[in-house]
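A look at the structure
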Amino acid sequence: MKFTSLLNSSLALSPLYADARAGHTLSSYMFVCEDKALLDEAVALFIAYRIAQNGQYVEEIADRVMRNGYVDVRVFPEGDKVKVEDVDRLVNDVYYTPVELDKKFYIINDAHTANEPAQNK
C-alpha cells in the first residue's frame, strides 16, 4: 500500500493513526481527498489500525477491508450516487450489533452526490 509510507512521514496524519492503533477513536471521521485510490487506502488503513490485534499485519487487514471482506464494514452507495434507499439501508443496519468486530464501520463515498431527500434522511 503506497499510503503506508506516506502516513509514516506525515506529521498531520500520524496522531490520527496512533489514536486508531490505541483504540481511541471518535464516533465519526471525514476523509476528503481528490485521489480516489489514495482515499480508499487511507480509510482502509485507518479501519485496519483500529481493529488490528497484536501480531496482526495491518496491511493484510486493510486489503481485506478494501475487498469488502468484513461483515461489519459497509460501503455506501452501491451505485454512483447516494440515494434514499442507501440511507434507508444504512439507518436500518445501525440497529444491529456488530457480528465480527467490536464496532461497525460505515464508509459513505461521494456524499456530495446525495440528492435533497437523501440528505434530509
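For the structure, see preceding data.
Let me sum up the structure you'll find in this document. Every chain is numbered independently, its residues counted from 1 as its sequence is written. Thresholds applied to this predicted model are a pLDDT of at least 70 for local features of residues and 80 or more for the giving and counting of side-chain atom pairs; totals over whole chains, interfaces and linings are not thresholded and use all residues. To obtain the side-chain values, all non-hydrogen atoms of the structure were used and water was disregarded.

It is worth spelling out the environment of Phe-105 at this point. Helix numbers and strand numbers start at the N terminus; a helix is a DSSP run of H or I with at least 4 residues, a strand a run of E with at least 2. Structurally, Phe-105 is set in strand S2 (residues 105-108). Buried, partly exposed and exposed residues are distinguished by accessible area as a fraction of the type maximum, computed with a 1.4 Å probe on protein chains only: under 20%, between the cut-offs, and over 50%, respectively. Phe-105 gets classed as buried once you look at its relative accessible area, which sits at 13%. C-alpha of Phe-105 to C-alpha of Val-71: the two residues are 34 residues apart in sequence and 9.5 Å apart in space. The contact rule is simple, with two residues in contact once any of their heavy atoms fall within 4.5 Å. For Phe-105, the residues in contact, after removing those within four places along its chain, are Ile-47, Arg-50, Ile-51, Asp-72, Val-73 and Arg-74.

This paragraph deals with the pattern of salt bridges. Salt bridge, as applied in this entry: a Lys or Arg side-chain nitrogen positioned within 4 Å of an Asp or Glu carboxyl oxygen. All told, the structure shown has seven salt bridges when counted by the stated rule. A salt bridge links Arg-50 to Asp-102; the nearest nitrogen and oxygen atoms lie 3.4 Å apart. Taken together, the residues Arg-50 in helix H3 (residues 36-51) and Asp-102 in the loop between helix H5 (84-94) and S2 connect sequence positions 52 residues apart. Given a relative accessible area of 10%, Arg-50 falls into the buried group.

Nonpolar core, defined: a set of buried Ala, Val, Leu, Ile, Met, Phe, Trp, Tyr and Cys residues in which side-chain atoms within 4.5 Å join the residues together. Counting residues in hydrophobic clusters, the biggest one holds 21 residues, and the most contacted among them are Ile-47, Ile-51, Val-65, Tyr-70 and Val-73. The element that contributes the greatest number of residues to this core is H3, accounting for ten residues. In this structure, Ile-47 is in contact with Val-65, Val-73, Phe-105 and Ile-107, ignoring residues within four places of it in sequence.

Attention now goes to the pairing of strand S1 (residues 73-76). Across four bridges, S1 lies against S2 in parallel orientation. Paired with Val-75 across the two strands is Ile-107, which belongs to S2. With strands facing away from the observer, any crossover in which the path from the first strand over the helix to the second runs clockwise is taken as right-handed. You can see the chain leave S1, run along H5 and come back into S2, and the turn it takes is right-handed. DSSP calls a pair of strands paired once it identifies at least 2 bridges connecting them.

Attention shifts here to the environment of Lys-121. Mapped onto the secondary structure, Lys-121 falls in the segment after helix H6 (116-120). As for Lys-121 and Val-91, which are separated by 30 residues in sequence, their C-alpha atoms are 8.9 Å apart. Among all residues touching Lys-121, those that are not within four sequence positions of it are Val-84, Val-87 and Asp-88. A polar side-chain atom of Lys-121 sits 2.7 Å from a polar atom in the side chain of Asp-88. Pairing of N or O atoms within 3.5 Å defines a polar contact, subject to two protein rules: one partner must be a possible hydrogen donor and the other a possible acceptor, and residues neighboring in sequence count only if both atoms are side-chain atoms.

Any link to function would need more than the numbers given here.
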